[in-house]
Amino acid sequence: EAGVTQFPSHSVIEKGQTVTLRCDPISGHDNLYWYRRVMGKEIKFLLHFVKESKQDESGMPNNRFLAERTGGTYSTLKVQPAELEDSGVYFCASSQEGYSYNEQFFGPGTRLTVL
Amino acid sequence: AQKITQTQPGMFVQEKEAVTLDCTYDTSDPSYGLFWYKQPSSGEMIFLIYQGSYDQQNATEGRYSLNFQKARKSANLVISASQLGDSAMYFCAMREVDDKIIFGKGTRLHILP
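Keep in mind the model is a prediction, meaning the values are calculated, not measured. Residues take numbers from 1 onward in each chain, read along the sequence in its written order. Here every chain gets a letter starting at A, and every ligand a number starting at 1, in the order they are written. In keeping with the predicted nature of the model, local features appear solely for residues at pLDDT of at least 70, side-chain atom pairs appear and are counted solely at 80 or more, and the whole-chain, interface and lining totals rest on all residues. Each side-chain value is derived from all of the structure's non-hydrogen atoms; neither hydrogens nor water enter the calculation.

Caption draft 1: Representation of the interface of chain B and chain A within the structure. Only heavy atoms matter for contacts: two residues are in contact if any of them lie within 4.5 Å across the pair. Taken together, the 18 residues of chain B in the interface contact 18 residues of chain A. Buried area is a sum: the accessible area each of two parts loses on coming together, probed at 1.4 Å, counted once for each and added. Roughly 1600 Å² of surface becomes buried between chain B and chain A when both sides are summed, with 57% attributable to carbon and sulfur atoms. For the chain B face of the interface with chain A, the top three residues by lost area are D99(B), K100(B) and F103(B), together amounting to 31%. A pairing counts as a salt bridge when a side-chain nitrogen of Lys or Arg comes within 4 Å of a carboxyl oxygen of Asp or Glu. Between the two partners, chain B and chain A, sit 1 salt bridge. In this structure, K100(B) engages D56(A) in a salt bridge whose closest nitrogen and oxygen atoms are separated by 3.2 Å. In the analysis that follows, any N or O atom pair within 3.5 Å is treated as a polar contact, provided that within protein one partner can donate a hydrogen and the other can accept it, and provided that, for residues neighboring in sequence, both atoms belong to side chains. Summed over the shared surface of chain B and chain A, the number is 4 residue pairs in polar contact (both at pLDDT 80 or more). Helical segments are the DSSP runs of H or I of at least four residues, strand segments are the runs of E of at least two, and each set is numbered from the N terminus. Broken down by secondary-structure element, the contributors of at least two residues to the side of chain B that touches chain A are strand 5 (33-39), strand 6 (46-52), strand 10 (88-95) and strand 11 (101-103) of chain B. Charged residues are taken to be Asp, Glu, Lys and Arg, nonpolar residues to be Ala, Val, Leu, Ile, Met, Phe, Trp, Tyr, Cys and Pro, and polar residues to be all remaining types, Gly included. Looking at the side of chain B that touches chain A residue by residue, the class counts come to 9 nonpolar, 4 polar and 5 charged.

Caption draft 2: Structural view of the pairing of strand 3 (residues 19-24) of chain A. Residue and element names in this part refer to chain A. Categorising residues by exposure relies on relative accessible area from a 1.4 Å probe, with only protein chains included: less than 20% of the type maximum marks a residue as buried, more than 50% marks it as exposed, and the intermediate range marks it as partly exposed. Burial along strand 3 is one-sided: the residues V19, L21 and C23 are buried and none of T20, R22 and D24 is. By the convention used here, strands pair only if DSSP detects at least 2 bridges between them. Of the pairings in the sheet, the one linking strand 3 to strand 8 (residues 75-79) comprises 5 bridges and is antiparallel in character. Bridge pairing links V19 to V79 in strand 8.

Caption draft 3: Broad picture of the layout of surface pockets. Residues are called lining when one of their atoms sits within 4 Å of a cavity or pocket point, these points coming from a 1 Å grid over the protein atoms alone, where a cavity is a set in which a 1.4 Å probe fits but cannot get out and a pocket is an open set with protein on both sides within 12 Å along at least five of seven lines. Grid points are joined across faces, edges and corners, and a volume is the space filled by probe spheres set on the points. If you add up the space inside the largest pocket, you get close to 480 Å³. Every residue lining the largest pocket is counted, 23 residues in all, and those nearest its centre are R37(A), M39(A), V89(A), R111(A) and Q39(B). In the lining of the largest pocket, the residues fall into 8 nonpolar, 12 polar and 3 charged. Estimates place the volume of the second largest pocket at around 220 Å³. Together, 12 residues line the second largest pocket, and I43(A), K44(A), F45(A), I102(B) and F103(B) are the ones closest to its centre.

Caption draft 4: Spotlight on the environment of D26(B). Residue and element names in this part refer to chain B. With respect to the element layout, D26 can be found in the loop between strand 4 (24-25) and strand 5. A relative accessible area of 38% places D26 in the partly exposed class. D26 sits 42 residues away from F68 along the chain, and the two C-alpha atoms are 14 Å apart.

Below, the structure written as structure tokens:
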């Protein structure tokens, strides 16, 4: 069974440009999470989808970030316009309802560099 | 206030020795879960072990065990018989009732041959 996949693995863009990150969760997982780790800091929660609905987006840093999950399958995270402080590694995770501890399976991350 | 504290930014351990990675947490929720993840240089996050707040026994998974001391709010990871492949970044994390996971800053473990 395929794990969580993320695309691209790396992205280098200039300040002011737009970037869209994609996450494909494990098939059948209703829960999808985005996290971000900026250099030297903790991995921080961004938002949580249950199917196509945003359950919690309290971690989204500002309105330059837009996340969608069309049809409750894959998700995209768009940054527009990108700023220098957006550089970091963006992780996606998915989990299945019904497990006692709701283990979240992480993708390999997308390393975003804003120049 | 920091919810997950990992006080060891880096550790060097001789191969085959046991190693303990420290983690303390802070929560007022009675129901929570504690996780450890490993992040090798390739970047992916690998789930290692889980401990539920109501679990009576310490969790174990192969060479990994979690030393859960609830009263002290401590959830240290113990790796027995360390191997070179254990060199990586290790994150302690907590899930509260709202389901999001909060991570510590991580400990970079170096296993020496």
